[in-house]
Amino acid sequence: MMREFFKRPNTRYWLTFAGKTILYFGILLVLIYLYHYKSIQGGNFIYNEF
């Protein structure tokens, strides 16, 4: 019964959509985290050096 549920096109579409959304949100959080620790003081506003 569960196999039939996951084989439905509508179910596969929404599971794929939710999976990609979670993946891209995770990548965005990692990028923000890495940008925050680019220097010893932590994240700076991007235009402070100009």
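Up top is the structure.
A quick note: this is a predicted structure, and the numbers were derived from the prediction, not measured.

Cut-offs used in this document
- Residues numbered from 1 in each chain as written.
- Predicted model: local features only at pLDDT ≥ 70, side-chain atom pairs only at ≥ 80, totals over all residues.
- Heavy atoms only, no water.
- Helix = DSSP H or I, 4+ residues; strand = E, 2+ residues; numbered from the N terminus.
- Areas by Shrake-Rupley, 256 points an atom, 1.4 Å probe, with all protein chains shown as cover.
- Phe/Tyr/Trp six-rings, centres within 6.5 Å; stacked < 30°, edge-to-face > 60°.
- Patch = residues over 30% accessible without salt bridge, like charges linked within 9 Å, V, L, I, M, F, W, Y side chains within 5 Å.
- Salt bridge = Lys/Arg side-chain N within 4 Å of Asp/Glu carboxyl O.
- Polar contact = N/O pair within 3.5 Å; in protein donor to acceptor, adjacent residues only side chain to side chain.
- Contact = heavy atoms within 4.5 Å.

Re the overall build of the protein
In terms of helices and strands, the protein carries 2 helices and 0 strands. In the form shown here, the protein has an accessible surface area of approximately 5300 Å², with 70% of it arising from carbon and sulfur atoms.

A word on the packing of aromatic side chains
The tally for this structure, following the rule as stated, stands at 2 aromatic pairs. Relative to W14, the ring of Y13 has its centre 5.1 Å away and its plane inclined at 80°; by these criteria the two rings are edge-to-face. On the basis of an interplanar angle of 85° and a centroid distance of 5.6 Å, the ring pair of W14 and F17 is categorised as edge-to-face. Highlighted residues: W14 and F17, both in helix α2 (residues 9–36), separated by 3 residues, approximately one helical turn. An aromatic cluster of three or more residues is present, and its members are Y13, W14 and F17.

Brief notes about a nonpolar patch on the surface
Nonpolar side chains collect at one region of the surface, where M2, F5, F6 and L15 lie side by side and expose about 390 Å² of accessible area between them. Here F6 shows up in helix α1 (residues 2–7).

Regarding the side chain of T11
Here T11 shows up in helix α2. There is a polar contact of 3.2 Å between the side chain of T11 and the backbone oxygen of F5. Residues in contact with T11, not counting those within four places in the same chain, are F5 and F6.

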